[in-house]
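# Fold and geometry: a report
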Amino acid sequence: MKFMKLGSRPDTFITTEAVRSVNSEVVSDLIVQVKGSRYLLHKFPLLSKCLRLQRLCSESPETSQHQIVQLPDFPGGIEAFELCAKFCYGITITLSAYNIVAARCAAEYLQMTEDVEKGNLIYKLEVFFNSCILSGWKDSIVTLQSTKSFPLWSEDLGITSRCIEAIASKVLAHPSKVNLSRSYSKRGPRDDISCNESEIRRYKTSSKSWWAEELAELSIDLYWRTMIAIKSGGKVPASVIGDALRIYASRWLPNISKYANLEKQLVHDQPESDSIGKHRLLLESIISLLPAEKGTVSCSFLLKLLKAVNILKASCSSKMELARRVGLQLEGASVNDLLIPCVSHTCDTIYDVDIVITILQQFMLQGQSPPTSPLRRKGDFERRRSRSAENIDLEFQESRRSSSASHSSKLKVAKLVDGYLQETSSDTNLPLSKFISIAEAIPEFARLDHDDLYKAIDIYLKGHPELNKSERKRLCRILDCKKLSMEVCMHAAQNELLPLRVVVQVLFFEQARAAMSGGHVTELPSNIKALLANHDDTAKTSASFNKAKMTPVNDLKSPKSNLSTLKMKLAEDDDLDEHYADEIGKSSRIRALCVLSNRPKKMFSKLWSNNRSVASEKN
C-alpha cells in the first residue's frame, strides 16, 4: 500500500487538561473548537495556509489574549483537523488510502488552496491521489470504502467517481497489467514473505473473477455503481459477472432466514425493521445487476434469491423477474430449491406454490415440441444438392438439436414437478386446484411413467381425507393407468382412497398385460390394442417405485381377494363416470373381467362375445 509523508519537524502536539496545544515558546493566540475538543494554536502558521480561518478570524471579535473560532461541522473530526494543523506547522504527517479522504475533505473545508499559498495541502493530496492511490488496486478499494464516512464531500470532490472508474478499468484490463497488493484476495496468496510477484501473477491469471471477493467488501450502493461501470465496459463475460454477484450475495445474505415470520415483532422492533430494509435494498440491487443472458447464473442461485425475496418481502417486480429467469432454466433446479417458504400471514400453505405455478408457466412459454423427422419426398437423394440446399439442411439440423434440448428439459422438469408434488401434497392447506394446476402444467409426453405422480396423489389423498367422491375423481383424472409400473398397480389395486373407476381401470390394464405376457391370448380386439398401444413403451422406462410412504408389496392381498372385494364394490356402486365407460366398455364386461382373473382366454372370449352382440344389435 502506498503512503506519503509531508513535513520534517517532530510532533510537538500535547494534551493538557483535555486541551490540545503545541509545545512552543511562543504563546498561543488562537483557540479552535472542533466538535467538543479545544486546541490552543497560533494564528500565523494556520492563517497563512487556511483561507477559511482567515475569514472566520476577521469576522469574530478579538479578546484580550485569544481569538476563538468554532468549527462544529468539520468533516473528519479531530483526527483530520490535526493532520491539517500539523501540516501548517511543518510537523511530519503520513497519508495513505485509509486517511486521504478525511484529509482531503478537511483541507477543502479549510480552503487550503493554491491561491493562499503555493504547494498547499490540497495540491499535494491531489497529486498523491491521482498518481499513487488510483494506480493501485487495493488502495483504490480502501479509498472507495472510506468515502462512506463522507458521502456528500466525496461526491462533490469527485473522489468516489474517480475510485470507481479506476477499479473498473483494472477489472477490464488484463490481469497482468493490474498492480495488486499481495493480499488482494482471500482466496489468493496471503503470506508476504513466501509469495513473490510471479506467484501472485500466476494466481491472478488462473481466475477470471479474481476481483470478486475484494469488491464484495463494498457497501451495496458503491458495489452497484462499480458493477454498472464494469458491465458497461463490455469486456467481462456475463458468466463472470454472475459469479461475482453470487460471491457478493453469499457475503451479505447468509442468515436472512432469521427474518422469517417476524411481521408482528417488527412492528415494535424498529432496529430489526431497519436491518430488513437494508437487506431488502441489497437484494433488489443484486437482482437488478443480474446479466440478461440465460445460464450466466445457476438456477439454484436464482431460487435462493427468490427465497430471500419472500423472506424479506421485496418488491413484486423483483419476484416476477426472478420467476421469469428461473423458468428459462428450470431443468437445472432440484426439489429442495423449489421449496420456497411462504412467510406471509395471508398465505395458508407452507410453501409458496403460486410462484412455482408462475415459474412453470414461464418454462412452458419457451422451447418447442418434441423433435420430429423431416418428410422426404421420393427422389430427394437422386437430385444433385446445391450448396444453398446444404445450408438449409444445416439450419434444419440445428433447429432439431434445439428442439431436442427443449424436449429433454421437459422430461427433467416433469420428474422435478412430480418430486415437488410429493413434498408439498401432505400440506393440509394445499388446495386441490393448485395441486392439479402444477401437475397439468407439464405436457403429457414429458411423463414417461406416472409412478411418481401416483405417489404424490396417494400422499395428497391421505393428507386430505375430507375430499368427496367428485373431488377424488377430479384428482385422479390426471393419472394415466397405462403408465404405471407393475409394483404401483399392485399398490393401487388395494388403495381404498382411490375412486372405484381408477381401481377397476388399473386391474383391467394389469389383466390385459398379464394375458399378453403369458401367451394365453394370441390376438386382442382392436379396441383393447388401442388402449395398450403406449403401455409397452412406458413399461420399459418406468422407474422403481419408492415404498417409503406406501404399503409394502409383500403385505398386499392376493389377486383373488382383491377382485372379489372389487366385485362387491361394483355391486354396491354403479356410478362409474361416462369417461371411463367409453374407454373400457360396459360394466358387464368389467364384472366378467374381474371374476375370471385366472382364465384370460375365457375373459377375452366374453369381451369378444359382447362386442359381437353389440355389433349385431346395431345391424
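All of these numbers come straight from a predicted model, not from anything done at the bench.

### Re the overall build of the chain
Counting its regular elements, the chain contains 30 helices and seven strands. Buried residues in the chain amount to 47% of all 619 residues. Accessible surface for the chain amounts to roughly 31,800 Å². Of this, 52% is attributable to carbon and sulfur atoms.

### Things to note about the pattern of salt bridges
This structure, assessed with the given rule, holds 22 salt bridges. In this structure, the salt-bridge partner of Arg162 is Glu126, at a minimum N-O distance of 3.0 Å. Taken together, the residues Arg162 in helix H8 (residues 159-172) and Glu126 in helix H5 (residues 121-133) connect sequence positions 36 residues apart. Here Arg162 and Glu126 have matching classes, each one buried. Between Glu214 and Lys138 there is a salt bridge, with its nearest N and O atoms 3.5 Å apart.

### Things to note about the sheet that holds strand E2 (residues 13-16)
Ordered by their spatial adjacency, five strands build an open sheet running E2-E3-E5-E4-E6, and the pairing between neighbours is mixed. Two strands in the sheet have a free side with no partner beyond their single neighbour: E2 and strand E6 (67-70). Each adjacent strand pair in this sheet contributes to an overall mean axis angle of 25 degrees, direction not counted. Across the sheet, helix H3 (residues 77-89) touches E2, strand E3 (19-22), strand E4 (30-34) and strand E5 (37-41), and the angle it forms with E5 is around 5 degrees.

### Observations concerning unusual backbone geometry
For Lys35, which is not a glycine, the phi torsion comes out positive at approximately 50 degrees. The topology assignment puts Lys35 in the loop between E4 and E5. Although it is not a glycine, Lys313 sits at a positive phi angle of roughly 55 degrees. Topologically, Lys313 is positioned in the loop between helix H15 (299-312) and helix H16 (316-328).

### Re helix H22 (residues 469-476)
Of all the positions in H22, only Lys473, Leu475 and Cys476 are classed as buried. Down the axis of H22, the buried side of the element spans an arc of 160 degrees, and every buried residue falls inside it.

### Observations regarding the environment of Ile438
For Ile438, the location among the structural elements is in helix H20 (residues 432-440). The spatial distance from the C-alpha of Ile438 to the C-alpha of Ile357 is 6.0 Å, given a sequence separation of 81 residues. If we skip the residues at most four places from it in the chain, Ile438 touches Val353, Ile357, Leu360, Val417, Tyr420 and Leu421.

### Points about the side chain of Glu82
Looking at the element boundaries, Glu82 is found in helix H3. Beyond its immediate chain neighbours, meaning those up to four positions away, Glu82 contacts Phe13, Arg20 and Tyr39.

### Observations concerning the nonpolar core
Of all hydrophobic cores here, the largest spans 152 residues; its most connected members are Leu71, Met112, Trp211, Tyr223 and Leu330. Sequence-distant contacts of Leu71, that is, excluding residues within four places in its chain, are made with Val32, Gln33, Val34, Lys35, Leu53, Leu56, Phe81, Tyr109 and Leu110.

### Some details on the packing of H20 against helix H21 (residues 451-463)
For the pair H20 and H21, the least separation of the axes is 12 Å and the interaxial angle reads 175 degrees. The angle between the axes of H20 and H21 places the two elements in the roughly antiparallel class. Facing Leu432, Phe435 and Ala439 of H20, the residues of H21 in contact are Leu453, Ala456, Ile457 and Tyr460. Classifying every residue of the contact of H20 with H21 gives seven nonpolar, no polar and no charged.

### A word on the environment of Ala323
Within the secondary structure layout, Ala323 lies in helix H16. If we ignore the near neighbours within four places in the chain, the residues touching Ala323 are Ile355, Thr358, Ile359 and Gln362.

### Thoughts on the packing of H16 against helix H18 (residues 353-365)
For the pair H16 and H18, the least separation of the axes is 7 Å and the interaxial angle reads 50 degrees. Between H16 and H18, the angle falls in the class oblique. When the axes of H16 and H18 are compared, the crossing they make is right-handed. Mapping the contact onto sequence places Lys319, Met320, Ala323, Arg324, Val326 and Gly327 in H16 and Ile355, Thr358, Ile359, Gln362 and Phe363 in H18. In the contact of H16 with H18, the residues fall into six nonpolar, three polar and two charged.

### Things to note about the packing of aromatic side chains
Counted according to the given criterion, the structure contains 10 aromatic pairs. Taken together, a centroid distance of 3.8 Å and an interplanar angle of 10 degrees make the contact between Tyr223 and Tyr248 stacked. With Tyr223 in helix H11 (residues 220-233) and Tyr248 in helix H12 (residues 238-252), this pair connects stretches of sequence that are 25 residues apart. Among the aromatic residues, ring-to-ring pairing joins Tyr39, Phe74, Phe81, Tyr109 and Trp153 into one connected group. The ring of Tyr109 is capped by Arg52, whose NZ or CZ atom sits 4.0 Å from the centre of that ring. Lys86 extends its terminal NZ or CZ atom over the ring of Phe13, reaching a point 5.7 Å from the ring centre.

### Some details on H5
Among the residues of H5, those classed as buried are Leu121, Ile122, Leu125, Glu126, Phe128, Phe129 and Ile133. Buried residues of H5, viewed axially, fall in a sector of 165 degrees; they line one side. Elements that come into contact with the buried residues of H5 comprise strand E1 (3-6), H3, strand E7 (93-96), helix H4 (100-110), helix H6 (137-146) and H8.

### Considering the confidence of the model for the chain
In the predicted model, the chain carries a mean pLDDT of 78, and the fraction of residues at 70 or more is 68%. The low-confidence segment residues 368-390, where pLDDT is below 50, has 20 contacts with residues more than four positions distant or belonging to other chains. Contacts for the low-pLDDT stretch residues 534-562, under 50 throughout, to residues beyond four places or in other chains number 47 contacts.

### As for the side chain of Asn495
You can see Asn495 is positioned in the loop between helix H23 (486-493) and helix H24 (500-518). Of note is the side chain of Asn495, whose polar atom sits 3.0 Å from the backbone nitrogen of Leu497. Here Asn495 is in contact with Tyr454, Asp458 and Val503, once residues within four sequence places are set aside.

### Thoughts on the state of the cysteines
A complete count under the given rule lists zero disulfides for this structure. Cys50 supplies the cysteine sulfur nearest to Cys84, a cysteine that is in no disulfide, at a spacing of 6.8 Å. Residue class for Cys84 comes out buried when judged on its relative accessible area of 1%. Cys88 takes part in no disulfide bond, and the closest cysteine sulfur, belonging to Cys50, lies 3.9 Å away.

Cut-offs used in this document
- Residues numbered from 1 in each chain as written.
- Predicted model: local features only at pLDDT ≥ 70, side-chain atom pairs only at ≥ 80, totals over all residues.
- Heavy atoms only, no water.
- Helix = DSSP H or I, 4+ residues; strand = E, 2+ residues; numbered from the N terminus.
- Buried < 20%, exposed > 50% of the residue type's maximum accessible area, 1.4 Å probe, protein only.
- Areas by Shrake-Rupley, 256 points an atom, 1.4 Å probe, with all protein chains shown as cover.
- Salt bridge = Lys/Arg side-chain N within 4 Å of Asp/Glu carboxyl O.
- Pairing = 2+ DSSP bridges.
- Axes fitted to C-alpha atoms, helices over the stretch in contact; angles between N-to-C directions.
- Contact = heavy atoms within 4.5 Å.
- Arc of directions from axis to C-beta.
- Core = buried A, V, L, I, M, F, W, Y, C linked by side-chain atoms within 4.5 Å.
- Parallel < 35°, antiparallel > 145°, perpendicular 65-115°, else oblique.
- Nonpolar A, V, L, I, M, F, W, Y, C, P; charged D, E, K, R; others polar.
- Left-handed = near helix turned anticlockwise from the far one by under 90°.
- Phe/Tyr/Trp six-rings, centres within 6.5 Å; stacked < 30°, edge-to-face > 60°.
- Lys NZ or Arg CZ within 6 Å of the ring centre and 35° of its normal.
- pLDDT = per-residue confidence, 0-100.
- Polar contact = N/O pair within 3.5 Å; in protein donor to acceptor, adjacent residues only side chain to side chain.
- Disulfide = S-S within 2.5 Å.

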